[in-house]
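Notes for the structure review
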Amino acid sequence: MSGKNLQVPSWRMPAGIYVSIIVDSRGCWKSAISVLSSDQSVVWGNTVILSSHTSPALSVEIRASYEAGRMLGSGEVIGKLQMSWDELLDHGDEPFDLSFPPVHDVCPYLTLRAAAVHACDDQDSSLSDCLVDSDIARDTDAGHALLAEYISSEAVSHLNDAMQHFQSVLDQCPVGHHDHAAALTNLAYARLEGYIQNHLQDINTTTSLFREALALRLQGHPDHAPSLYNLIIVLIWRHSKESNAVYIHESAQLCCKLLPLCPEGTYLRSIGVDSAVDYVINNLPIDASNEGIHLRRNILELCPVGYQLRPRALRLLAQALRTRFNQCGNIDDLDEAIQLRREAVFLCPEGHSDRSIFLNSLALSLVNRFRNQGKPNDLDEAITLYEESLHLWPAGHEFRDFALDNLGGALVTRFKKRGDIDDITRAISLHRKALTLCPPGHPRRDTILSNLALALITRYDKSYVSEDLNEAIDRYRESHLLMRLDDPERHITLYSLSRALCSRFTHTRKNEDVQEAIQLCQEALASLPSLHPDRSKSYAWLQRAYLSRYRIQHNSTDLSSAMEHFRLSSIHPTEGFPQRIRVAIDWARQADIYQHESALEAYQMCFELFDSHVMSRSSIFSRREAATAFHGAQSLPVDAASCATRRDNLRQAVELLEQGRGQQWSLASRLRTPLEDLWSANPQLAQRLSELSKHLSHAQGSTGSTDPATADRAATTYRRLIGQWKAAVAEIRNLRAFSRFLLPPSYEDLQAAARQGPVIILIASQYSCSAIIVPTSGDPHNVPLPAVSLIELNNLKDRFSRAIRHASIMGPKVPRNDLIVLLRTVWNEVMLPIVNVLENVLKLNHRSRIWLCPTAAFTSIPLHAAHPFQTNADGSKEPCLEDLYICSYAPTLSALVRSRQMMKKRVTPSFATIGQGQPGAGKGKALLAVDSELELVHKLVPATANRITISGDTATRAGALQALEENTWVHLACHGKQDPTQPYDSHFVMRDEHLTLLDIMEKDIPHAEFAFLSACHTAVGDEETPDEVIHLAAGLQFSGFKSVIGTLWEVNDAVAKHVVEAFYKYMFMDLKDGKGVVMDCSRAAWALNCATHAVKTKVPLEQRMVFIHIGV
């Protein structure tokens, strides 16, 4: 047998369905109690043999049981049918349907097969007594029948009679009776139906009865699941009528317990539990507490992929996480919210009715993350999602105002970032359209007024049209009046109105405007908890108000208040790094301009925040993107050094400059920090940090995945590793003798760079230009350069660039007059004052080594080639810089210190010559002199060194990388290309693929010693971040090469080989015939100096100047 359309007249959730066949007054057969399926069907499959002689007819009943185990009574009748044996056997041996009277307008039916068989002895053994011989059973059955009558007729008398019968049963089944729980449940359900129909008000008693029944049916009891469901239903009904969050919270917790007990496809699951879960998901309030989010996670786990409620569960968990992010500022919450919302969008493809809702939710979180983290891709993706949502909510749609307003807000954000006037024009138009859809009295009018005001004042900040400012103030005031005092975003309107009033004060100088601005910000601060991220913005706007008033009234108290609120805003722990960095930059600028004592603290804060922000990025490209995202940040290191110099704090000037420059190299080098001392002090910590550093190195990529969801997961993983790595570092700093482990180096640490000769740092700041000489010991020396300014240096840099290009097309014997004029300027205005200090103060011997560490515009000027081009009265030539000293360059002092430290690790030298003169179509012209240059170098290298040559078809990207890894000395001759927009893509041209700077950086070659880069543009950084010193030569130094010859511009390979030949002759002049000491890379600067002097008659000036030495 099987049954379909099996609906219970009372609508009550059955524990199961069974069939009863009554043969005569003395006996009947009952099937097993089977679980009802979601399609209201049951399959029994029983076979029974009944005697047709005892009675001419039989009765077939379908009944619902409310107990899966021991039944109380016979359950509720679904259908009853009288029929003769002939009717039953009339269908032969084929299955047939037996239809019953309709229940809720649908006829239940059984499908069965009946056949006549020969008599047997046990034909009636399956029959049981059909008589109900107890008052408990009779009262129970009567109660079920009366409750079904009440449901269909809504006659209160039937309800009262049903409850009376069920109460009688409960009285007969006291505590301890095996049917007590069933009796409790029957009475409770009847009372619940009365409560639902408003015929019974006492819901507390009903709830208590269900609770008592559940307490008797613990987990493992066959009726545990139905009892859980009954309690959930009563709590849901209470919540729907009383709106008490306590009931929905408990319902959610019980659903988490119930759902795993209900198999898919059962009626209890699909009709009962799923409906309950649906109600819980939609009505559970957004609770950003740990407990609330934990509960949301549990509910999500109960909604597997494919479950219809999963997208909604995803969205609401994401909303709770975003709310917690807004309160506490933990970026992990926002990242997880975005991941959840991405999945929800994926589960709602085009055509899904809820797709636009999920698109908006995802876009909102992406905009939030952009504001917190500054990732441009987030903003672009959000605008694309908002555009799609706007299309899905056309004119006339109830949510059209949301779509207009949200897209407008994202365009305002993009305008602030990129300044495209079309964005702000369209944003204001969208906000105005949204406002027309929200007339006075509309619940969202206050929000749209505030957003329109934001767009107007954003445009005012660029165009200074007073009408925009005045309208913005009016719109903010109207929004403020409409907002409830407990509105969670009221503080935004307060500090936004403060900002607008402050802007007006700077023009009108009306004191009441700035006074109100201050009061509004103070009110906003007072309304926010201590860790709310927006406290940072409130501090920032409050400082602006104080600073605006100081500029007009010159009250020193206002200046102090402004600087203090700068500080509070920049240190607020839950605000994102981008906002804090912008505040810290402004703080440094204003403190420097007004000569406030906090200026150096502000610069220090900038570098610390930059470091943390950039380190949080999981790819090298995104780190540079983060480093270049802040207007005016590129000059911070030199401006900080200038500030410290002007305050006669030269040691701090050196420290700040080092901390602010070369951050990309500094971050990367932390993961390669030698741990020998730590292994001795604490092997366990050393092991943990070493493993974490390896994991981080593997986790970071060049660009990351192009799939946003994959990229988000990778970023979250990377940030988790960074957190563990930082925790390990903090633990190490607690060890004795490791208190400064991986902290920015002190002046004493940096002075190790000058161990072999002074380091000259050339500072090019908008405030002043000067040089700081770091001697081998003692305090640094300041060398003012009053004859040059930043503007003049930039002009000089451009003139050098033009002169070099011009010289490249001149004949070799034609005088380079333009270059001579420029080099004389560099000598007189820059290097001569420095040389005077070296000679007269430091008493540095001629032909001693010096290191140049240029910054900003100085990085593009060939300082080493400074020359007076002057003849003395006696006919002698005035010496140039390279006549006086052996010049090297140092990208940063830390890089030079690291190279010196690694010099301890010397191995047997091996020399690789790598050349590619025929790179192939589209990769540059053929370099005809490459092969002869390689042959020349090979002959000049001492025979004591292992020598290999890679050229032609073998000079591939992989072949070159392998040679770099396996050899201590390398000579590379090929095309070199500095990428001005993405310096990590700078490369050497090989036969197949480019050998990029990123390829080189990813290699760790501690045994490497020397590299000669006979290629173009290998030692020049990019225009955008010159102080990051990102170029091929620096990359080789970072990967392990202690001494590198690089080039500042294009190399003519036909004449470069003269320099190469002279260089190696001097480099190995003491090693002829295998005599002398080992190959020493620290001789490279001296050898290059000698070589450029030796080829003066063969090589034009610009091709001698092009080569520079970097490192030890």
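Small disclaimer: the values here were computed from a predicted structure and weren't measured. (Residues numbered from 1 in each chain as written. Predicted model: local features only at pLDDT ≥ 70, side-chain atom pairs only at ≥ 80, totals over all residues. Heavy atoms only, no water.)

Bringing the sheet that holds strand 18 (residues 987-988) into the picture now. Taken in spatial order, the three strands line up as 17-18-19 in an open sheet, and their pairing is antiparallel. Each edge of the open sheet carries a strand with a single partner, namely strand 17 (976-977) and strand 19 (995-996). As judged from the two bridges shared by strand 18 and strand 19, these two strands associate in the antiparallel manner. Along strand 19, the bridge assignment pairs H987 with T996. (Pairing = 2+ DSSP bridges. Helix = DSSP H or I, 4+ residues; strand = E, 2+ residues; numbered from the N terminus.)

Attention shifts here to unusual backbone geometry. Unusually for a residue other than glycine, D105 sits at a positive phi of about 70 degrees. Of note, D105 is situated in the loop between strand 7 (96-99) and strand 8 (109-112). Of note, H554 is a non-glycine position whose phi angle comes to about 55 degrees, a positive value. Along the chain, H554 turns up in the loop between helix 20 (535-553) and helix 21 (556-571). A relative accessible area of 59% places H554 in the exposed class. (Buried < 20%, exposed > 50% of the residue type's maximum accessible area, 1.4 Å probe, protein only.)

Bringing the nonpolar core into the picture now. Within the largest apolar cluster, 354 residues are counted, with the highest numbers of intra-cluster contacts made by M831 and F1063. Setting aside residues up to four positions removed in sequence, F1063 forms contacts with F1010, F1012, I1045, A1084, A1087, L1088 and A1091. (Core = buried A, V, L, I, M, F, W, Y, C linked by side-chain atoms within 4.5 Å. Contact = heavy atoms within 4.5 Å.)

With respect to burial, strand 5 (residues 57-65) is a largely interior element, eight of its nine residues being buried. Pairing between strand 2 (residues 16-24) and strand 5: seven bridges, direction antiparallel. If you follow Y18 over to strand 5, its bridge partner there is R63. Sheet analysis places strand 5 next to strand 6 (residues 76-84), joined by eight bridges and oriented antiparallel. In the strand pairing of strand 6, S59 is matched with Q82.

Our next topic: the pattern of salt bridges. All told, the structure shown has 47 salt bridges when counted by the stated rule. Close ionic contact of K80 with E61 constitutes a salt bridge, the shortest N to O distance being 3.6 Å. Within this pair, whereas K80 is found in strand 6, its partner E61 is found in strand 5, the two being separated by 19 residues in sequence. Of the residues examined, K80 reaches a relative accessible area of 45% and is grouped as partly exposed. (Salt bridge = Lys/Arg side-chain N within 4 Å of Asp/Glu carboxyl O.)

To describe two helices that pack against each other, one gives the angle between their axes and the distance between the axes. Closest axis-to-axis distance for the helix 5 (residues 203-216)/helix 6 (residues 224-242) pair is 9 Å, and the angle between their directions is 160 degrees. The angle between the axes of helix 5 and helix 6 places the two elements in the roughly antiparallel class. Like other packed secondary-structure pairs, helix 5 and helix 6 cross with a definite hand, here left-handed. Within the contact between the two elements, helix 5 uses I203, N204, T206, T207, F210, R211 and L214 and helix 6 uses H224, S227, L228, N230, L231, V234, L235, R238 and E242. Across the contact of helix 5 with helix 6, the residue classes tally to seven nonpolar, six polar and three charged. (Axes fitted to C-alpha atoms, helices over the stretch in contact; angles between N-to-C directions. Parallel < 35°, antiparallel > 145°, perpendicular 65-115°, else oblique. Left-handed = near helix turned anticlockwise from the far one by under 90°. Nonpolar A, V, L, I, M, F, W, Y, C, P; charged D, E, K, R; others polar.)

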